Protein chains: 2
Amino acid sequence: MHFTAQSTTDGIVERDFTLGDITGVLWSPEGGSGRAPLVLLGHGGGNHKKHPAMAGRARLLVLGGGFHVACIDAPGHGDRPPFTKADEREIAEMLAAREAGRPEGPIVERFNGHLAERAVPEWQATLDALQELPEIGPDGPVGYFGLNMGTAFGVRLAAIDRRITAAVFGLFWHGSLEEAARRITIPVEFAMQWDDEHIPRESGLALFDAFASADKSLHVNSGKHKELPRFESDSAVRFFVRHLTV
Amino acid sequence: MHFTAQSTTDGIVERDFTLGDITGVLWSPEGGSGRAPLVLLGHGGGNHKKHPAMAGRARLLVLGGGFHVACIDAPGHGDRPPFTKADEREIAEMLAAREAGRPEGPIVERFNGHLAERAVPEWQATLDALQELPEIGPDGPVGYFGLNMGTAFGVRLAAIDRRITAAVFGLFWHGSLEEAARRITIPVEFAMQWDDEHIPRESGLALFDAFASADKSLHVNSGKHKELPRFESDSAVRFFVRHLTV
């Protein structure tokens, strides 16, 4: 892991890093000395590690919970090498379905599943490297917070990597994730939109139901897919404070 | 409305009152001078106006939101005249069903509906009297927060009394309340338990779905009927701060 840039703004240290061809960012409390828990942020499809939604959530987590917060660009996103030809065909198919008013769910589920085959090992390698930093360390609690494609990656990651000890997911279909969700037993907070024009209610509820966690919460809000209220990010911070700090 | 007792503890003024044969309590911020919004608390079946759950929620609302908080004993509860013979027959029937492991939902729904015929006008008379107090006033925002029987009363109250401008409900069946819920358009936060042994998931979801509110949130938590997490009371305070204060 190589840090390539560092800046400090409003109490938050932001460090860009690379790990092989993975590009990422680590946000930390300014003047933090002792160890602090780590939260991994998974960005949505078409976005990137420093999208305002990621930077905004990182800010809430660093200032509200004292956490380290890391985000990496998904394959083909942000500062990563461009999409493969196969990726581009799936994207074209998704856009065509959207244009024609056909359900894009099956295409998004398949495409995000293909990306996850690359993204999950990348997250694990990133977590390996982050845990070598003295301010994070090998034994600390680790959270994962990702919606949309961030959920498609995070559910698969949390199902196989026991270092993840609490997770906030949401806004995804159940079909391709149900099996992985059934292997997850850590505390989960799950967000869905009651009037989501892409994801049927039954599909979101089925994914929430599939988590094997004894401690899980579902937050449903009225509104369409992109209308998730801002206060759900505050809720996620409280969730991680409850579960990652003593 | 006659105030019959007053005490002050930890920044909260507690005033007992009577209004005809209604017995109630009003909690207010100590040293509060200007007007503040009012939250009505509806207690659960078998409880009373000063049950620890009510006093605890009042404390969070007064100290966290600066609200006035009022709770009245339901018919037959707390310091009220005893249940009627008809009430007692319904309670006996409910207890017999519980004892025999039969669903108590239909009996609770019917019994709480009968109590609501008395309780809703009592709430309206109480609200009339509270709004004559200078520290509350006739035009201020009014919230309602009640679970279980508190929801059976509150949904019916909010459906007909436009003074209620935001409400937190939860833990009740949809059948007897669906029609009233469809007339409610104010912001609503609704709580249900995913593993409720009395209320089927589909029934809780159907009640949430029935609210005509453009702004509504559902909070589902794992666990049985009585295992609603304490942090949902904090969530209710934040909800009322968002909707009752400018």
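Being a predicted model, the structure only gives us computed values, none of them experimental.

**Re the side chain of Lys49(B)**
All names here are of chain B. Inspection of the secondary structure assignment puts Lys49 in the loop between β4 (38-42) and α1 (52-65). You can call Lys49 buried: its relative accessible area is 5%. Separated by 2.9 Å, the side chains of Lys49 and Asp73 make a polar contact. A polar contact is formed between the side chain of Lys49 and the side chain of Asp79, at a distance of 2.5 Å. Ignoring anything within four residues of it in the chain, the contact list for Lys49 reads Thr23, Gly24, Val25, Trp27, His43, Met54, Cys71, Ile72, Asp73 and Asp79.

**Some remarks on helix α7 (residues 231-244) of chain B**
Here α7(B) contains 14 residues, and its C-alpha end-to-end distance of 20 Å stays within 8% of the 20 Å for a straight helix at 1.5 Å per residue. Where α7(B) is concerned, the buried positions are Glu232(B), Ser233(B), Ser235(B), Ala236(B), Val237(B), Phe239(B), Phe240(B) and Leu244(B).

**A closer look at the relation of the copies chain B and chain A**
Superposing chain B onto chain A requires a rotation of 180° together with a translation of 0.0 Å along the rotation axis, leaving an RMSD of 0.0 Å. Read as a symmetry element, the transformation amounts to a two-fold axis. Ranked by how close their C-alpha atoms come to the rotation axis, the residues of chain B are headed by His219(B), at 2.4 Å. Taken together, the interface assignments show that 100% of the residues at the interface of chain B recur at the interface of chain A, consistent with an identical surface on both copies.

**Here's the deal with the packing of aromatic side chains**
Going through the model one piece at a time under the given rule, you end up with 20 aromatic pairs over all chains. Plain terms: the ring middles of Trp123(A) and Tyr144(A) are 6.0 Å apart, the flat faces sit at 80° to each other, and that makes the pair edge-to-face. You can see Trp123(A) sitting in helix α3 (residues 105-130) and its partner Tyr144(A) sitting in strand β6 (residues 142-146), a full 21 residues away along the chain. In terms of burial, Trp123(A) and Tyr144(A) fall into one category: buried. A ring pair is formed by Phe239(B) and Phe240(B), whose centres lie 5.3 Å apart and whose planes are at 75°; its orientation type is edge-to-face. As far as burial versus exposure is concerned, Phe239(B) and Phe240(B) are alike and both buried. Here the aromatic cluster, defined as three or more aromatic residues joined through ring pairs, consists of Trp123(A), Tyr144(A), Phe169(A), Phe190(A) and Phe211(A).

**Things to note about the packing of α3(A) against helix α4 (residues 149-160) of chain A**
A packed helix pair is summarised by two numbers, namely the angle formed by the two axes and the spacing between the axes. Residues and elements named next belong to chain A. Two elements in contact, α3 and α4, have axes whose closest approach is 9 Å; the angle formed by their N-to-C orientations is 55°. Comparing their axes, α4 and α3 come out oblique. Every pair of crossing elements has a handedness; the one defined by α3 and α4 is right-handed. Here Asn112, Gly113, Leu115, Ala116, Ala119, Val120, Trp123 and Gln124 of α3 lie close against α4, whose contacting residues are Met149, Ala152, Phe153, Arg156, Leu157 and Ile160. When the residues that make up the contact of α3 with α4 are grouped by side-chain class, the tally is ten nonpolar, three polar and one charged.

**Points about the nonpolar core**
In this structure, Leu40(A), Phe169(A), Leu40(B) and Phe169(B) are the most contacted members of the largest nonpolar core, which totals 112 residues. Look past the residues within four positions of Leu40(B) in its chain and what remains in contact with it is Ala70(B), Trp123(B), Leu127(B), Leu130(B), Val142(B), Gly143(B), Tyr144(B), Phe145(B), Leu157(B) and Ile164(B).

**Describing the interface of chain B and chain A**
Accessible area lost upon the coming together of the parts is a frequently used measure of interface size. Contact residues are listed per partner, giving 17 residues for chain B and 17 residues for chain A. Its largest share of buried area at the contact with chain A, chain B owes to Trp194(B), Ser222(B) and Phe231(B), together 29% of the area lost on that side. Taken together, chain B and chain A are joined by two salt bridges. Linking chain B with chain A are twelve residue pairs in polar contact (both at pLDDT 80 or more), by the criterion used here. Mapped by element, the contributors of at least two residues to the side of chain B that touches chain A are α6 (201-210), β9 (216-221) and α7 of chain B. Ranked by the residues each element gives to the side of chain B that touches chain A, the list is headed by β9(B), at six residues.

Thresholds, definitions, all that
- Residues numbered from 1 in each chain as written.
- Chains lettered and ligands numbered in written order.
- Predicted model: local features only at pLDDT ≥ 70, side-chain atom pairs only at ≥ 80, totals over all residues.
- Heavy atoms only, no water.
- Helix = DSSP H or I, 4+ residues; strand = E, 2+ residues; numbered from the N terminus.
- Buried < 20%, exposed > 50% of the residue type's maximum accessible area, 1.4 Å probe, protein only.
- Polar contact = N/O pair within 3.5 Å; in protein donor to acceptor, adjacent residues only side chain to side chain.
- Contact = heavy atoms within 4.5 Å.
- Expected span 1.5 Å × (residues − 1).
- Least-squares fit on C-alpha atoms with pLDDT ≥ 70 in both.
- Phe/Tyr/Trp six-rings, centres within 6.5 Å; stacked < 30°, edge-to-face > 60°.
- Axes fitted to C-alpha atoms, helices over the stretch in contact; angles between N-to-C directions.
- Parallel < 35°, antiparallel > 145°, perpendicular 65-115°, else oblique.
- Left-handed = near helix turned anticlockwise from the far one by under 90°.
- Nonpolar A, V, L, I, M, F, W, Y, C, P; charged D, E, K, R; others polar.
- Core = buried A, V, L, I, M, F, W, Y, C linked by side-chain atoms within 4.5 Å.
- Buried area = accessible area lost by both parts, 1.4 Å probe.
- Salt bridge = Lys/Arg side-chain N within 4 Å of Asp/Glu carboxyl O.

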